[in-house]
Amino acid sequence: MNSPKDTLFATPQLEIAGFRFDRAVARVFPDMIRRSVPGYETIIAMTGTLAERYVQPGSQCYDLGCSLGASTLAMRHHIRHSDCHIIAVDNSAAMLSQCREILADDDGEIPVELICGDIEQIPVHNATMAVLNFTLQFIPVDRRNALLQRISDGLQPGGVLVLSEKVAFEDPQHQQLMIELHHHFKRANGYSELEISQKRSALEDVLVPETLAVHRQRLREAGFSSVDVWFQCFNFASLIAIK
Ligand code: GEK
């Protein structure tokens, strides 16, 4: 997908406000996420592979924090049953309106319901697949258990949750190494030191990473019987959790 270049943090800002998913971000989002998240494109492609395997006839799929609908499109084009339904939710009106345009140009046959709303309020039922692709990290830590419990309760036995997150590490030396390697990745993708440091400040307290151990335990407590990492590059990881 061709998208305008992300230059949002290219010029010095006197005060860095907390990061928000507004129109300026929605406009450059595909470029921003591709140049910032190592493995993003692989994770999206494999979401399609997982949809092919896990989505059952007559069931629902949820893309929670859908942004411009990349995971929705991956599922839509790989689900093997025409009687399924995808529910894509985001609370950014700017993201949703652009997502709506992208979906209008897509020829997939599976119906997609777009909801501008809070994923903490959306009922989940009769699901065989749910995707939280780099979204849980924006939910306050003390509310993450409740959200995962609701998703687990709404999944059929055998259903899958794909949870992708920026993660933290207990070992301070390893944590520092992962941050440096991630910054190297961003520099190699054309971001300047100023852009990297201003974006980092904007995400402080907005995006809160946790360790993989915390994610695994939370998923198990929410009722997932099989939980493990299927993809990781530096401090970005994706887990498969089977109900
Ligand atoms: C992708 N999954 O391309 N309710 C609904 N949406 C929310 C909430 C909330 N409480 N909090 C944050 N969001 C996408 C990428 S981006 C990841 C997801 C990133 C939304 C927010 O508006 C944004 O669109 C998305 O979650 C996170 O696969 O930018 O790092």
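Note: the structure precedes this text.
Residues numbered from 1 in each chain as written. Predicted model: local features only at pLDDT ≥ 70, side-chain atom pairs only at ≥ 80, totals over all residues. Heavy atoms only, no water.

## Here's the deal with the pairing of strand E7 (residues 226–233)
Stage number 1. Direction of pairing for E7 relative to strand E8 (residues 236–242): antiparallel, over a ladder of seven bridges. Bridge pairing in E8 links aspartate 228 to isoleucine 240. (Pairing = 2+ DSSP bridges. Helix = DSSP H or I, 4+ residues; strand = E, 2+ residues; numbered from the N terminus.)

## Considering the site of the ligand
Stage number 1. The immediate surroundings of the ligand are formed by 22 residues, with Tyr40, Gly65, Ser67, Asp90 and Asn133 found nearest.
Stage number 2. Here aspartate 118 contributes a side-chain N or O atom positioned 2.9 Å from a nitrogen atom of the ligand.
Stage number 3. One of the backbone N or O atoms of isoleucine 119 is found 3.0 Å from a nitrogen atom in the ligand.
Stage number 4. Protein coverage of the free-state accessible area of the ligand, which is 650 Å², stands at 93%.
Stage number 5. When the residues that make up the shell around the ligand are grouped by side-chain class, the tally is 11 nonpolar, nine polar and two charged. (Near = heavy atom within 4 Å. Polar contact = N/O pair within 3.5 Å; in protein donor to acceptor, adjacent residues only side chain to side chain. Areas by Shrake-Rupley, 256 points an atom, 1.4 Å probe, with all protein chains shown as cover. Nonpolar A, V, L, I, M, F, W, Y, C, P; charged D, E, K, R; others polar.)

## A short note on the pattern of salt bridges
Stage number 1. As enumerated under the stated definition, the model contains seven salt bridges in all.
Stage number 2. Where arginine 218 meets glutamate 210, a salt bridge forms, and the shortest distance between an N and an O atom there is 2.8 Å. The pair formed by arginine 218 and glutamate 210 is uniform in burial state, with each residue classed as buried. (Salt bridge = Lys/Arg side-chain N within 4 Å of Asp/Glu carboxyl O. Buried < 20%, exposed > 50% of the residue type's maximum accessible area, 1.4 Å probe, protein only.)

## Re the environment of asparagine 126
Stage number 1. Position of asparagine 126 among the secondary structure elements: in the loop between strand E3 (112–116) and strand E4 (127–133).
Stage number 2. Given the relative accessible area of 35%, asparagine 126 is considered partly exposed.
Stage number 3. Spatially, the C-alpha atoms of asparagine 126 and serine 59 are 5.7 Å apart, while their sequence positions differ by 67 residues.

## Some points on the side chain of arginine 144
Stage number 1. With respect to the secondary-structure elements, arginine 144 resides in helix H5 (residues 144–154).
Stage number 2. Judged by relative accessible area, which is 0%, arginine 144 ranks as buried.
Stage number 3. Within the structure, arginine 144 has its side chain in polar contact with the backbone oxygen of isoleucine 139 (distance 2.7 Å).
Stage number 4. In contact with arginine 144, other than residues within four places in its own chain, are Leu136, Gln137, Phe138, Ile139, Glu165, Val208, Glu210 and Arg218. (Contact = heavy atoms within 4.5 Å.)

By themselves these figures say nothing about function.
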